[in-house]
Structure formats: structure tokens, C-alpha cells
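# Working through the structure, step by step
Here's the letter readout for the chains.
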Amino acid sequence: MLKQISIFAANTEGALGKITNELAVQNINIYTMLATDSAEFGIVRLIVDNAEKAREQLEKAGYQCRIDCVLAVDMASDKPGTLNRILASLNEANVNIRYLYISFDRQTSSPIVVLQTDEPETETFLQGKGYRLVDHF
């Protein structure tokens, strides 16, 4: 499983830049990032090269954040229906997906679906179905 940083941040002008600046000054590389919003606050999700150091730096800067474990599945193809097959497999196993987003492997350019679920067996299930899980970007 990968470690992902989830940050609770104000939905204000320049907020994302302040977060990325905190990481840049510590030479922390961002592999993937997702920002969702509501009227006043949002959640920023990051996979970085050093999750513990990033959390520590962001908390020092006053951000509320936590480290979550997520699964990253190599989609192996960018063809239509690839994501649907993964989701169908999870649905057949009654796995509820809390959220997901798509990134890519920088070395292979293969799409990667990053997902979070409450089911601890999901990783083993996906591997049993023949999916390759990514443990780093």
C-alpha cells in the first residue's frame, strides 16, 4: 500500500501554492495530487516521495493533515473499459470505494488508478485477480 497525505485546507486564493511551497522548500517531490473543494474548505490528497517528512512539515506550517493508506492499481492499458473491469471486479466482491483518482506511472506512462477503501482484503483480492499493485511512483 502507498501512503497518501490528506490535508484539510481553506478554499482561498493561493492555498494550493502555499502547500506546494512548503513541500518544495523541503525538497519533497509530489508524484500525484488531487484537490477537491467545498464552499470554504477542501481536501488535498498527495502521494509524495517522503510522506512522513511531508506531514511533519505541513503540520509545522499549521495544516491539519493525516497519512492514509491507498491502493494503486496499474491499469496496464489506456483502452476504453480498463477501469470499468477493475471496478466490476471490486463490485462483484462487494468492495465499497470511498474515492478514486487516476494518475500515471512516470516510467511506463501506464495509467494508475489510486483508490481508498475500508476493506482490508482489497489488496489481496486484486492481486488474486491478477492486477499489479504499485507500491511506489
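Heads up: these notes are all about the structure in this document. (Residues numbered from 1 in each chain as written. Predicted model: local features only at pLDDT ≥ 70, side-chain atom pairs only at ≥ 80, totals over all residues. Heavy atoms only, no water.)

## A word on the pattern of salt bridges
Under the criterion given, the structure shown has six salt bridges. Between Arg-55 and Glu-59 there is a salt bridge, with the nearest N and O atoms lying 3.0 Å from each other. Residue Arg-55 and its partner Glu-59 are both found in helix H2 (residues 51-60); the two are separated by four residues, about one turn of the helix. Glu-59 sits in the partly exposed class, given a relative accessible area of 36%. Arg-66 is paired through a salt bridge with Asp-68; the nearest N and O atoms lie 2.7 Å apart. (Salt bridge = Lys/Arg side-chain N within 4 Å of Asp/Glu carboxyl O. Helix = DSSP H or I, 4+ residues; strand = E, 2+ residues; numbered from the N terminus. Buried < 20%, exposed > 50% of the residue type's maximum accessible area, 1.4 Å probe, protein only.)

## Observations regarding unusual backbone geometry
The backbone of Asn-27 shows a phi angle near 60 degrees, a positive value even though the residue is not glycine. On the secondary structure map, Asn-27 appears in the loop between helix H1 (15-25) and strand S2 (30-37). For Ala-76, which is not a glycine, the phi torsion comes out positive at approximately 65 degrees.

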